[in-house]
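Now for the letters of each chain:
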Amino acid sequence: MRILITGGAGFIGSHLCDYLLEQGHEVIAMDNLITGSLRNIAHLRDHPRFSFINHDVTQPIHVEGPLDAIFHLASLPSPVDYLEMPIKTLKVGALGTYYALGLAKAKGARFLLASTSEVYGDPLVHPQSEEYWGNVNPVGPRGVYDESKRFAEALTMAYHRTHGLQTRIARIFNTYGPRMRLNDGRVVPNFIRQALRGEPLTVYDDGSRTRSFCYVSDMVDGLYRLLLSDEPTPVNLGNPHEMTILEFAQLVLRISGSKSEIVFVTPQDERTKDDPHARQPDVRKALRVLGWSAKVPIEEGLAKTIAYFASILDEI
Ligand code: NAD
Ligand code: UDP
């Protein structure tokens, strides 16, 4: 297949490039590098089946030649980024998805939207299954991301229903691994960077909020299986292994062997407003429809991620 990945120079996108090339496909990565980096795809520069287009997907998208599939990952998914760039976040979710769907329609390509567990907001149902409609504050600071993805899901279903487009919606839960940005503000790079530098790990509030972390190799396998499936309705992809953020901080210290202390801080900006208290994917649908479940234990995935951050720590 000839496949376009928007957000292809980002964290998950660059791993997806690697994975699809390994499967024998031709891959075009498109990115405006607002949070992504050419460094993530530098090893692919001379690959005969890989190319890169520097383009902002909030502008109309043109790609020469046929396309069989589009993975639409372009987004600003870090809470720190979307607090700083709320309008860009809304634009990439709304206009970016509109232009990517238009391209899929013009090319007759399959379309996969990278949606998010944030569509469930601060959930009142636990674990979160695809039937749950969510608890999102549309006018809160996280609303710019959550609502952009909810709009993107609605638009994707509208193209499916109106134009018969082959569409897929992945609701991605917290995913981690090498090539996350050291300073993107999300909890995984924050704690690992702090642990490696011997700085205190900043647990927000009392550390009792929960998350469930999925290693990136599991995620790209799930995304590929979903693309190949016949399932147009949303499918959760994530690792159901749930832990509190305090437990996660302790795990990072144990695996990295760091002597850093843990400090409890209350951010003065709005980053923890509407911060979901608990998050765990119900992954029964992914198992039933895709035969997929996450395989990599958190200890193994974290060890690989810590090794990656250790290798780049001094360069950045
Ligand atoms: P990332 O920031 O590493 O990747 C996003 C990429 O999109 C970046 O390379 C960025 O430069 C690019 N981008 C942003 N705006 C763009 C625009 N207007 N035009 C072109 N490119 C643009 O983040 P990620 O963690 O790899 O996330 C990938 C996708 O997965 C996103 O859609 C995100 O919402 C979704 N997701 C990720 C997680 C996670 O835990 N990593 C969880 C839920 C959903
Ligand atoms: N968090 C934290 N310390 C940090 C960064 C994040 O305690 O230095 C918390 C944050 O408040 C949230 C969880 O870790 O409860 C996960 O945050 P992240 O930014 O990774 O993504 P989210 O899952 O909220 O989208």
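Residues numbered from 1 in each chain as written. Chains lettered and ligands numbered in written order. Predicted model: local features only at pLDDT ≥ 70, side-chain atom pairs only at ≥ 80, totals over all residues. Heavy atoms only, no water.

Observations regarding the site of ligand 1
Thought 1: Not every one of the 29 residues close to ligand 1 is listed here, only the nearest: Phe11, Asp31, Leu73, Tyr145 and Thr175.
Thought 2: In this structure, an oxygen atom belonging to ligand 1 sits 2.9 Å away from a main-chain N or O atom of Gly36.
Thought 3: Val57 places a main-chain nitrogen or oxygen 2.9 Å from a nitrogen atom of ligand 1.
Thought 4: Considering ligand 1 on its own, with 820 Å² of exposed area, one finds that the protein chains cover 95% of that surface.
Thought 5: Among the elements of the structure, helix H1 (11-22), strand E5 (110-116) and helix H4 (143-163) are those that each provide at least two residues to the shell around ligand 1.
Thought 6: Broken down by class, the residue content of the shell around ligand 1 amounts to 13 nonpolar, 12 polar and 4 charged. (Near = heavy atom within 4 Å. Polar contact = N/O pair within 3.5 Å; in protein donor to acceptor, adjacent residues only side chain to side chain. Areas by Shrake-Rupley, 256 points an atom, 1.4 Å probe, with all protein chains shown as cover. Helix = DSSP H or I, 4+ residues; strand = E, 2+ residues; numbered from the N terminus. Nonpolar A, V, L, I, M, F, W, Y, C, P; charged D, E, K, R; others polar.)

Focus: helix H6 (residues 216-228)
Thought 1: Compared with an ideal rise of 1.5 Å per residue, which puts 13 residues at 18 Å, H6 spans 19 Å between its outermost C-alpha atoms and is within 8% of the ideal.
Thought 2: With respect to burial, H6 is a largely interior element, 10 of its 13 residues being buried.
Thought 3: Buried residues of H6: Val216, Asp218, Met219, Val220, Asp221, Gly222, Leu223, Tyr224, Leu226 and Leu227, and no others. (Expected span 1.5 Å × (residues − 1). Buried < 20%, exposed > 50% of the residue type's maximum accessible area, 1.4 Å probe, protein only.)

What about the sheet that holds strand E6 (residues 167-172)?
Thought 1: Across the sheet, 7 strands lie side by side as E3-E2-E1-E4-E5-E6-E11; this open sheet has parallel pairing. Every other strand in the sheet has two partners, leaving strand E3 (50-54) and strand E11 (235-237) as the edge strands with one partner each. Direction aside, the axes of adjacent strands within the sheet are offset by 20° on average.
Thought 2: Of the strand pairs in this sheet, strand E2 (residues 26-31) and E3 are connected by 5 bridges, and their pairing is parallel. Bridging across to E3, Ala29 finds its partner in Phe52.
Thought 3: Strands in contact with H6 are strand E4 (69-72), E5, E6 and E11; relative to E6, the strand with the most contacts, it is inclined by about 155°. (Pairing = 2+ DSSP bridges. Axes fitted to C-alpha atoms, helices over the stretch in contact; angles between N-to-C directions. Contact = heavy atoms within 4.5 Å.)

Here's the deal with the side chain of Thr175
Thought 1: When you line up the elements, Thr175 lands in strand E7 (residues 175-176).
Thought 2: Among the polar contacts made by the side chain of Thr175, one reaches the main-chain carbonyl oxygen of Phe173 at a distance of 2.7 Å.

Topic: the environment of Arg197
Thought 1: For Arg197, the position within the fold is in helix H5 (residues 187-197).
Thought 2: Taking C-alpha positions, Arg197 is 9.4 Å from Ala310, a pair spaced 113 residues apart along the chain.

Section: the pattern of salt bridges
Thought 1: As enumerated under the stated definition, the model contains 18 salt bridges in all.
Thought 2: Between Glu118 and Arg142 there is a salt bridge, and its shortest N-O distance comes to 2.6 Å. One end of the pair, Glu118, is in the loop between E5 and H4; the other, Arg142, is in the loop between E5 and H4, and 24 residues separate them in sequence.
Thought 3: Glu118 gets classed as buried once you look at its relative accessible area, which sits at 4%.
Thought 4: The shortest N-O distance in the salt bridge between Asp221 and Arg225 comes to 3.4 Å. Of this pair, Asp221 and Arg225 both sit in helix H6, 4 residues apart, roughly one helical turn. (Salt bridge = Lys/Arg side-chain N within 4 Å of Asp/Glu carboxyl O.)

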